[in-house]
Amino acid sequence: MTVAYLGPEGTFTETAARLVTGGQDLFPCSDITQVLRMVESGESDRGVVPIENTLEGSVRATVDALAFETDLLIQAELELPISLVLAAQPGTALGDLTAVLSHPVALASARRWLTATLPDALRLPAASTARAAQQVATRDVAGDVGGGAVAAIVNPLAVDRYGLEIVARDIADTASNTTRFVVVGDRVPPPTGWDKTSMVVFIDENRPGALLTLLEIFAERDLNLTRLESRPTKAELGNYCFFLDVEGHLADERVGDALAAVRRTQREIKLLGSYRRSGARATAEADRITADDAEYREAATWLGEWRDRITD
């Protein structure tokens, strides 16, 4: 089956898709919406899209689409260190450049380097780093660029693919620049012991302590939240929902108990997926989750035995 990803060829998302799928047939899409539509329609088995960056935070197009526009689920995640290079047509020198083109996240990631090295160069947005490489290769850059040459901040994968030449390497402002990519589909994979559950929660009423009540549900069950973000519901001004990532799987007793409590106390909860966390598996953590689940099952059995003794 084809795996759709945010294209064109040469994006960081393609690199992530190749790592996730092991080189399965890949289909580049023009935007995140097209990726999701291809999976929804069955044209692709899975899709790969970016969802979070260490420097710029959430990728809003992905987060909003998963929350409001589709019922697809996150099935896996991958954290990919981002290496940025500045590339231009062969023979171009750094001093020839009057404009730099790239995705807004990539431009922001190299902000200090650009200010110090090319302070007068225009910074032009592109749909993706690969699209920027494509535009530089074909000289398809709209607007006045000062009569000089244009370069693109790109994934090294795009340099050879579009016949460009590297002008500068390692231009990101920090070495810890990482993007998290997710694989989307229509299934919930089984638990691995090293999992994460993502959701969006709509607070029933805007009242003092509403968020605290929500957070206490997870704290009381000793569940660690790895992400908490508020976003507009798009229903009315001042109305927000909360995106949460919690360690553990939907199948885990503690996580299931917490989700049921959220569903019981809030207006609406939408699951965005329950899947294996990125990175190496922590055996000690997996063992702790198993032990905690046993305690929850034992407590439920104890309660059930007492309820069985209720008589008319």
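Residues numbered from 1 in each chain as written. Predicted model: local features only at pLDDT ≥ 70, side-chain atom pairs only at ≥ 80, totals over all residues. Heavy atoms only, no water.

Let's talk about the overall build of the protein
So, point 1. Each helix and strand in the protein was counted, giving 10 helices and 15 strands.
So, point 2. Evaluated residue by residue, the protein yields a buried proportion of 47% over its 312 residues.
So, point 3. Measuring between centres, the 31 positive side-chain charges of the protein sit 1 Å from its 46 negative side-chain charges. (Helix = DSSP H or I, 4+ residues; strand = E, 2+ residues; numbered from the N terminus. Buried < 20%, exposed > 50% of the residue type's maximum accessible area, 1.4 Å probe, protein only. Lys, Arg positive; Asp, Glu negative; His and termini not counted. Charge placed at Lys NZ, Arg CZ, Asp CG, Glu CD.)

Describing the sheet that holds strand S7 (residues 97-102)
So, point 1. With respect to topology, 5 strands assemble into an open sheet ordered S8-S7-S9-S6-S10, the strand pairing being mixed. Either end of the sheet is taken by a strand with one partner, and the two such strands are strand S8 (122-125) and strand S10 (165-168). On average, each strand axis in the sheet is inclined to that of its neighbour by 35°, with strand direction left out of account.
So, point 2. Where helix H6 (residues 129-138) meets the sheet, it contacts strand S6 (85-88), S7 and strand S9 (149-154), and its direction lies at approximately 155° from that of S9. (Pairing = 2+ DSSP bridges. Axes fitted to C-alpha atoms, helices over the stretch in contact; angles between N-to-C directions. Contact = heavy atoms within 4.5 Å.)

Concerning a nonpolar patch on the surface
So, point 1. A surface patch of nonpolar side chains, amounting to about 200 Å² of accessible area, comprises Val188, Leu250 and Leu271.
So, point 2. Along the chain, Leu271 falls in strand S15 (residues 268-276). (Patch = residues over 30% accessible without salt bridge, like charges linked within 9 Å, V, L, I, M, F, W, Y side chains within 5 Å. Areas by Shrake-Rupley, 256 points an atom, 1.4 Å probe, with all protein chains shown as cover. Salt bridge = Lys/Arg side-chain N within 4 Å of Asp/Glu carboxyl O.)

Considerations on the pattern of salt bridges
So, point 1. All told, the structure shown has 15 salt bridges when counted by the stated rule.
So, point 2. For Arg231, the salt bridge identified is with Asp64, shortest N-O distance 2.6 Å. In this pair, Arg231 sits in strand S13 (residues 225-232) while Asp64 sits in helix H3 (residues 60-69), placing the two residues 167 residues apart along the sequence.
So, point 3. With its nearest N and O atoms 3.9 Å apart, the salt bridge here joins Arg227 to Asp245. With a gap of 18 residues between them, Arg227 in strand S13 and Asp245 in strand S14 (residues 240-247) connect regions that are remote in the sequence. Each member of the pair Arg227 and Asp245 is classed as buried.
So, point 4. When salt bridges that share partners are traced, they join Glu52, Glu77, Arg180, Lys196, Arg227, Glu229 and Asp245 into one network.

As for the packing of helix H8 (residues 210-220) against helix H9 (residues 253-265)
So, point 1. Where H8 contacts H9, the axes come no closer than 9 Å and their chain directions differ by 160°. Compared by their axis directions, H8 and H9 come out roughly antiparallel. For H8 against H9, the interelement crossing comes out right-handed. Contact with H8, carried on its side by Leu214, Ile217 and Phe218, involves Ala258, Ala261, Val262 and Thr265 of H9 and no other residues of that element.
So, point 2. Grouping the constituent residues of the contact of H8 with H9 by class yields 6 nonpolar, 1 polar and no charged. (Parallel < 35°, antiparallel > 145°, perpendicular 65-115°, else oblique. Left-handed = near helix turned anticlockwise from the far one by under 90°. Nonpolar A, V, L, I, M, F, W, Y, C, P; charged D, E, K, R; others polar.)

What about unusual backbone geometry?
Glycine aside, a negative phi is what most residues show, and trans is what most peptide bonds show.
So, point 1. Going from Gly7 to Pro8, the amide bond is cis rather than trans, its omega being 5°.
So, point 2. In this structure, Pro8 sits in the loop between strand S1 (3-6) and helix H1 (12-21).
So, point 3. Not every positive phi belongs to a glycine, and Asp170 is a case in point at roughly 50°.
So, point 4. Using a relative accessible area of 61% as the deciding quantity, one classes Asp170 as exposed.
So, point 5. At Asp222, a residue that is not glycine, the phi angle is positive and equals roughly 55°.

Notes on the packing of aromatic side chains
So, point 1. Taken as a whole and assessed by the stated rule, the structure comprises 1 aromatic pair.
So, point 2. Relative to Phe202, the ring of Phe68 has its centre 6.4 Å away and its plane inclined at 65°; by these criteria the two rings are edge-to-face. Pair noted here: Phe68 is in helix H3 and Phe202 is in strand S12 (residues 195-202), with a separation of 134 residues, a long-range link.
So, point 3. In this structure Phe202 comes out as buried when scored by relative accessible area, which is 8%.
So, point 4. The lysine or arginine in question, Arg277, covers the ring of Trp194, its NZ or CZ lying 3.7 Å from the ring centre. (Phe/Tyr/Trp six-rings, centres within 6.5 Å; stacked < 30°, edge-to-face > 60°. Lys NZ or Arg CZ within 6 Å of the ring centre and 35° of its normal.)

Let's talk about the nonpolar core
So, point 1. Within the largest apolar cluster, 28 residues are counted, with the highest numbers of intra-cluster contacts made by Val48, Leu86, Val100, Leu114, Leu118, Ile153 and Ile171.
So, point 2. Here this core gets 3 residues from one element, more than from any other, and that element is H1.
So, point 3. One finds Leu36, Val49, Ala67 and Cys241 within the second-largest nonpolar core, a separate group that totals 24 residues. (Core = buried A, V, L, I, M, F, W, Y, C linked by side-chain atoms within 4.5 Å.)

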